[in-house]
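# Architecture at a glance
For reference, the chains in residue letters:
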Amino acid sequence: LGLLYSMCNAAQVETQALRAKEAAKPTWTKIHGRTVDVETFRHPGGNILDLFLGMDATTAFETFHGHHKGAWKMLKTLPEKEVAAADIPAQKEEHVAEMTRLMASWRERGLFKPRPVASSIYGLCVIFAIAASVACAPYAPVLAGIAVGTCWAQCGFLQHMGGHREWGRTWSFAFQHLFEGLLKGGSASWWRNRHNKHHAKTNVLGEDGDLRTTPFFAWDPTLAKKVPDWSLRTQAFTFLPALGAYVFVFAFTVRKYSVVKRLWHEVALMVAHYALFSWALSAAGASLSSGLTFYCTGYAWQGIYLGFFFGLSHFAVERVPSTATWLESTMMGTVDWGGSSAFCGYLSGFLNIQIEHHMAPQMPMENLRQIRADCKAAAHKFGLPYRELTFVAATKLMMSGLYRTGKDELKLRADRRKFTRAQAYMGAASALVDTLKAD
């Protein structure tokens, strides 16, 4: 009973501390110079607004809602809140003004208009490649699995376009559900919930969910503290194979999310995905063993493919403070590689031009190369890095970052153990001297 009482009391204290922390949060955000009171506002897009409480959210609003007249009307209805100047964190107003100018310029140039023909041709090529992979599954299940895994990775890139509304407000989510739900077996809603936060707080520890790679991997000294010794020793060599296993963990997380959130249309698409591939493999003449080999190989390979290309642009660069402006987080938290190459763009789902994509997430991917000069000029204007690498240099940066981070943390731990051991020896010697003196 005493133990039960202690546990209940500890839980109560923890709950009270959490409530106190929530109560201490600011209830306002700053948009276009107005400090807007959002204490009672229920954001239609979920809790992403919480990431901008107590700071400027102008660029985030323009980025996510600049195309939506209803969002602008909703913003005007929100009341203002009196906030002392000392309570507003220092953020560079000139960065916000520059982003507003660039976004207006790109809209005037028509760069945010959907490009359905290019996206449709891209999507149809991927669908035909999936069908060809299934047809080859009975004869070479592993090779066909790698092929379909590449196609599923491309489905991930296509649904990425839909999730960013590149097809406009009417068809984008349907496009996303087709490639993420039916063809890939995932959840579009889960992806949007996670990915929008990644754009809102790129490379911010604790807020960018894509940095949650512990306890398996770490590219920075903060996260390295949460990785065990054995993983730090091998992470540079096990990173890519582990991505193939990690994707199966994601599979469970995604399905759980859809059930918990009662997204039954997405659950139905997942069921339809399995039914479609089971039927197609059976019609192609695949046995149960060859079908399972094909599917599991493909699932693992898509994890390696997606994780590798995402990591090239994000993992090895510096972590960004939460109060960074959109311009700062984009330039500091991403890199480009092969940015002028259309081939590299389609190979990587345009993850090779992440600086431009993070500057304008809802711009059609095929248009991003057209704003490279503008982004480079903005970085130069404000003394921010604009990193352009080759594919080989980006790969080296990512893999050497893993190796270096693991090596440095292991050395710190070894030094700490030596210091602790020396302290123990000195303590024992001191105790012995005291004992001799006493005798």
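Presented here is an overview of the structure given in this document. (Residues numbered from 1 in each chain as written. Predicted model: local features only at pLDDT ≥ 70, side-chain atom pairs only at ≥ 80, totals over all residues. Heavy atoms only, no water.)

Grouped together as the largest cluster of nonpolar side chains are 91 residues, with contacts concentrated most on Trp106, Ile130, Phe239 and Met331. In terms of residue count, helix H6 (residues 141-163) provides more of this core than any other element does, nine residues in total. Discounting chain neighbours no more than four positions away, the residues touching Ile130 are Val148, Cys151, Trp152, Cys155 and Phe277. Of all hydrophobic cores here, the second largest spans six residues; its members include Trp191, Val254, Tyr257 and Leu263. (Core = buried A, V, L, I, M, F, W, Y, C linked by side-chain atoms within 4.5 Å. Buried < 20%, exposed > 50% of the residue type's maximum accessible area, 1.4 Å probe, protein only. Helix = DSSP H or I, 4+ residues; strand = E, 2+ residues; numbered from the N terminus. Contact = heavy atoms within 4.5 Å.)

Attention now goes to the pairing of strand E2 (residues 34-37). On a regular strand, one side chain projects to one face of the sheet and the next to the other, so that they alternate. Note: strand E1 (residues 28-31) against E2, four bridges, orientation antiparallel. What sits directly across from Thr29, in E2, is Val36. Adjacent in sequence and paired antiparallel, E1 and E2 are bridged by two residues, among which His32 carries a positive phi angle near 50°. (Pairing = 2+ DSSP bridges.)

What follows covers a nonpolar patch on the surface. A surface patch of nonpolar side chains, amounting to about 360 Å² of accessible area, comprises Leu124, Ile127, Phe128 and Leu178. It is helix H5 (residues 116-136) that provides the largest number of residues to the nonpolar patch, a total of three residues. Tracing the sequence through the fold places Phe128 in helix H5. Accessibility expressed as a relative area gives 60% for Phe128, which makes it exposed. (Patch = residues over 30% accessible without salt bridge, like charges linked within 9 Å, V, L, I, M, F, W, Y side chains within 5 Å. Areas by Shrake-Rupley, 256 points an atom, 1.4 Å probe, with all protein chains shown as cover. Salt bridge = Lys/Arg side-chain N within 4 Å of Asp/Glu carboxyl O.)

With that settled, consider the environment of Thr58. Structurally, Thr58 is set in helix H2 (residues 58-65). Thr58 gets classed as buried once you look at its relative accessible area, which sits at 2%. Setting aside residues no more than four positions away along its own chain, Thr58 makes contact with Lys30, Ile31, His32, Val96 and Thr100. At 2.9 Å, the side chain of Thr58 and the backbone nitrogen of His32 are in polar contact. (Polar contact = N/O pair within 3.5 Å; in protein donor to acceptor, adjacent residues only side chain to side chain.)

Looking at the element boundaries, Glu366 is found in the loop between helix H15 (354-359) and helix H16 (372-381). For the buried Glu366, no salt bridge exists, and the shortest N-O distance to an oppositely charged side chain is 4.9 Å, to Arg115. Those residues within four positions of Glu366 in sequence are excluded, and the remaining contacts are Arg115, Ala118, Ser119, Met161, Tyr346 and Phe350. (Lys, Arg positive; Asp, Glu negative; His and termini not counted.)

Bringing the packing of helix H10 (residues 229-260) against helix H11 (residues 264-284) into the picture now. The N-to-C vectors of H10 and H11 enclose an angle of 140°; their axes lie 8 Å apart at closest approach. What the angle tells us is that H10 and H11 run oblique. In terms of crossing hand, the pair formed by H10 and H11 is left-handed. Where H10 approaches H11, its residues Val254, Arg255, Ser258 and Val259 are matched on the opposing element by Trp264, Glu266, Val267, Met270 and Tyr274. Of the residues assigned to the contact of H10 with H11, the class counts are six nonpolar, one polar and two charged. (Axes fitted to C-alpha atoms, helices over the stretch in contact; angles between N-to-C directions. Parallel < 35°, antiparallel > 145°, perpendicular 65-115°, else oblique. Left-handed = near helix turned anticlockwise from the far one by under 90°. Nonpolar A, V, L, I, M, F, W, Y, C, P; charged D, E, K, R; others polar.)

The next thing to look at is the environment of Leu75. Inspection of the secondary structure puts Leu75 in helix H3 (residues 69-77). Take Leu75: its relative accessible area is 9%, and that puts it in the buried class. Residues Leu75 and Phe61, 14 residues apart in the sequence, show an inter-C-alpha distance of 9.6 Å. In this view, Leu75 contacts Ile31, Arg34, Val36 and Phe61; residues no more than four positions away in its chain are not counted.

Under the defined criterion, the tally for this structure stands at 27 aromatic pairs. Note on Tyr122 and Tyr346: the rings are 5.1 Å apart at their centroids and 90° apart in plane angle, and the pair reads as edge-to-face. Of this pair, Tyr122 sits in helix H5 while Tyr346 is found in helix H14 (residues 342-347), placing the two residues 224 residues apart along the sequence. Taking 5.5 Å as the distance between ring centres and 65° as the angle between the ring planes, the aromatic pair formed by Trp190 and Phe250 counts as edge-to-face. Here Trp190, found in helix H8 (residues 188-200), pairs with Phe250, found in helix H10; they are 60 residues apart in sequence, far enough to count as distant. (Phe/Tyr/Trp six-rings, centres within 6.5 Å; stacked < 30°, edge-to-face > 60°.)

All right, on to the state of the cysteines then. Tallied over the full model, the rule gives zero disulfides. Of all cysteine sulfurs in the structure, the one in Cys151 sits closest to Cys136, which takes part in no disulfide; the separation is 11 Å. Cys151 provides the cysteine sulfur closest to Cys155, a residue in no disulfide bond, and the two sulfurs are 7.0 Å apart. (Disulfide = S-S within 2.5 Å.)

Under the definition given, this model contains 16 salt bridges. Here Arg372 and Glu388 are joined by a salt bridge, their closest N and O atoms 2.3 Å apart. In this pair, Arg372 is assigned in helix H16 and Glu388 in strand E4 (residues 388-389), connecting sequence segments 16 residues apart. Arg372 sits in the buried class, given a relative accessible area of 14%. The partner of Glu409 in a salt bridge is Arg413, with the nearest N and O atoms 2.9 Å apart. With Glu409 and Arg413 both in helix H17 (residues 391-438), this residue pair falls four residues apart, about one helical turn. Like Glu409, the residue Arg413 is buried in the burial classification. Through salt bridges with shared partners, a single network forms among Asp229, Glu409, Arg413 and Arg417.

With an omega of 10°, the peptide bond between Thr214 and Pro215 qualifies as cis. Tracing the chain through its elements places Pro215 in the loop between H8 and helix H9 (221-224). The phi angle at Arg165 is positive, at roughly 60°, despite the residue not being glycine. Take Arg165: it is sitting in the loop between H6 and helix H7 (168-182).

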